[in-house]
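# Coordinates in review
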Amino acid sequence: MEGITLTFIFMGLAIAVMTSHTKAGILLSGLATFFYFYLVDFNSWIPLVLFILGLLLIVTEILIPDFGLIGLLGIASVIGGLYLTLGDLGQTIQDMSIAIVITAGLVLYLAKQGYSLANFSRFVLTSSEENQQSKKKINRKLQEGNEGISETTLRPSGKAIFNEDDGLIYDVLSAEGHISKGTPIVIEKISGTKILVRKLKQKGD
């Protein structure tokens, strides 16, 4: 039973990095990890930490294949975590073998279906683009000349608020270097997602 549960952990990772169902794959892998260590009734957090660290290193190696040492450390960490949990090297190797063979079959199947690491890259890129688009939509509500208050010290970057009613806090960049927190400011220029501000000149200045 433990070997099958371990298999679902690796299958979840394969789904996460090769298909567009990244979140589902991560969820599957996470739940399987929980049930695996629940079934073996582990008594220490060290094996679990080693196992999860190993998985992260393996995923890093898959996404950045130039660092072979990271992959080796990941495999060693996973095996170490399993061995400390099971206390039986033979059982550890058996469970790992089952998981690797079945996951390899899944990877080959996904590859034949046209899936690859490019799908994960597209997911990351799409998320980044959506975030940028969201920022642009918010920034469209602002105009050059809008007045506000610096919520943090600008060194020269920081945060500011321009409309207390909407409660939105914006990332801004000072055009005049250091601006103290709580200083009245005005938007000098908006370029894409960048908001350039300066101190608001008070009457009599």
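Residues numbered from 1 in each chain as written. Predicted model: local features only at pLDDT ≥ 70, side-chain atom pairs only at ≥ 80, totals over all residues. Heavy atoms only, no water.

## Some details on the overall build of the chain
- In terms of helices and strands, the chain carries 6 helices and 5 strands.
- Along the chain, helices (α) and strands (β) appear in the sequence α-α-α-α-α-α-β-β-β-β-β when read from the amino end.
- Each of the 205 residues in the chain was classed as buried or not, and the buried ones make up 32%.
- A separation threshold of at least 6 residues defines the contact pool for the chain, and within that pool the share at least 24 residues apart is 54%.
- Carbon and sulfur atoms make up 61% of the accessible area of the chain, which amounts to about 12700 Å² in all. (Helix = DSSP H or I, 4+ residues; strand = E, 2+ residues; numbered from the N terminus. Buried < 20%, exposed > 50% of the residue type's maximum accessible area, 1.4 Å probe, protein only. Contact = heavy atoms within 4.5 Å. Areas by Shrake-Rupley, 256 points an atom, 1.4 Å probe, with all protein chains shown as cover.)

## Let's talk about helix 5 (residues 89-112)
- Its 24 residues place the ends of helix 5 34 Å apart at the C-alpha level, agreeing with the 34 Å of an ideal helix rising 1.5 Å per residue.
- Of all the residues in helix 5, the buried ones are T92, D95, M96, A99, T103, L106 and L110. (Expected span 1.5 Å × (residues − 1).)

## With respect to the sheet that holds strand 1 (residues 147-150)
- In space, the 5 strands of this closed barrel follow the order 1-2-3-5-4, with mixed pairing throughout. Shown here is a sheet whose adjacent strand axes are inclined to one another by a mean of 55 degrees, direction ignored.
- In this structure, strand 2 (residues 157-161) lies alongside strand 3 (residues 169-174), joined through 5 bridges in antiparallel fashion. Paired with A160 across the bridge in strand 3 is Y170. (Pairing = 2+ DSSP bridges. Axes fitted to C-alpha atoms, helices over the stretch in contact; angles between N-to-C directions.)

## Overview of the packing of aromatic side chains
- Under the criterion given, the structure shown has 2 aromatic pairs.
- Judged by centre distance (5.5 Å) and plane angle (70 degrees), the rings of F34 and F35 are edge-to-face.
- According to the relative accessible area criterion, F34 is exposed, its value standing at 54%. (Phe/Tyr/Trp six-rings, centres within 6.5 Å; stacked < 30°, edge-to-face > 60°.)

## Considerations on the environment of A99
- Mapping A99 onto the fold places it in helix 5.
- Exposure remark for A99: the relative accessible area of 0% places this residue in the buried category.
- Taking C-alpha positions, A99 is 7.7 Å from F8, a pair spaced 91 residues apart along the chain.
- Those residues in contact with A99, other than ones at most four positions away along the chain, are L6, T7 and F10.

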